[in-house]
Amino acid sequence: MERVLKAYMERPGFGVGCCPIEYGRIEMESFPMAAEMRRMGELLRNVRDHFGESVRLELIDPRNVIALKDVFRFRIRSTEVAWILDGKLLLRGIPSSWDDLRCSLDAVLGAGNE
């Protein structure tokens, strides 16, 4: 059974009409969550490397209209990362280390997912 891990985090960029505009290097310097984006990238790579195909990762901007159901259900804010595993809130914020995130995931998924 495929498990789904959704990480809700504001992405740099904005939409104009139906066209998304991504931040460039200069805009990223002023993006409040730029450092968090780098930390999230490392954590998500570790999840992929550790759990492989058994966990599908989805990085979702909470400003996306498709995310509204979870945003209201779990009271997700754009200034705080929320981790939803199989429709249940796993944790809020960015774990201080890969080991912290792995332990949280292993507690739910089981430690034999390598």
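Basis of the calculations
Residues numbered from 1 in each chain as written. Predicted model: local features only at pLDDT ≥ 70, side-chain atom pairs only at ≥ 80, totals over all residues. Heavy atoms only, no water. Pairing = 2+ DSSP bridges. Helix = DSSP H or I, 4+ residues; strand = E, 2+ residues; numbered from the N terminus. Salt bridge = Lys/Arg side-chain N within 4 Å of Asp/Glu carboxyl O. Buried < 20%, exposed > 50% of the residue type's maximum accessible area, 1.4 Å probe, protein only. Axes fitted to C-alpha atoms, helices over the stretch in contact; angles between N-to-C directions. Core = buried A, V, L, I, M, F, W, Y, C linked by side-chain atoms within 4.5 Å. Contact = heavy atoms within 4.5 Å.

Student: Any chance you could break down the pairing of strand S1 (residues 3-8) for me, citing the residues and the numbers?
Tutor: Of the strand pairs in this sheet, S1 and strand S4 (residues 55-60) are connected by six bridges, and their pairing is parallel. Pairing of Val4 across the sheet is with Arg56, part of S4. Relative to strand S5 (residues 82-85), S1 is paired through four bridges, and the arrangement is antiparallel. Considered in S5, the bridge of Leu5 is made with Leu85.

Student: How would you sum up the pattern of salt bridges? Please name residues and give values.
Tutor: It is possible for side chains of opposite charge to pair when their charged atoms get near one another. Summed over the entire model, instances satisfying the criterion amount to nine salt bridges. A salt bridge links Asp49 to Arg48; the shortest N-O distance between them is 3.7 Å. For Asp49, a relative accessible area of 57% corresponds to the exposed category. When its relative accessible area of 48% is taken as the criterion, Arg48 is described as partly exposed.

Student: Can you lay out the sheet that holds S5 for me, pointing to particular residues and giving the numbers?
Tutor: Sheets are built from strands paired through backbone hydrogen bonds, the pairs being either parallel or antiparallel. Read across the sheet, four strands follow the order S4-S1-S5-S6 without closing on themselves; strand pairing throughout is mixed. Either end of the sheet is taken by a strand with one partner, and the two such strands are S4 and strand S6 (88-92). Between one strand and the next, the sheet's axes are offset by a mean angle of 20°, whatever the strand orientation. The sheet contact formed by S5 and S6 spans four bridges and is antiparallel. Looking across to S6, one finds that Trp83 is bridged to Leu91.

Student: Could you give an account of the nonpolar core, with specific residues and numbers?
Tutor: Judged by nonpolar contacts, the single largest core of 18 residues is most densely connected at Leu5, Met40, Val47, Phe51, Trp83, Leu101 and Leu105. Elements with a contribution of two residues or more to this core: S1, helix H2 (34-51), S5 and helix H4 (98-109). The greatest single-element share of this core, amounting to five residues, is contributed by H2. Setting aside residues no more than four positions away along its own chain, Leu105 makes contact with Leu5, Val47, Phe51, Leu85, Leu90 and Gly110. Formed by eight residues, the second largest nonpolar core is a distinct cluster that contains Ile60, Phe74, Ala82 and Ile84.

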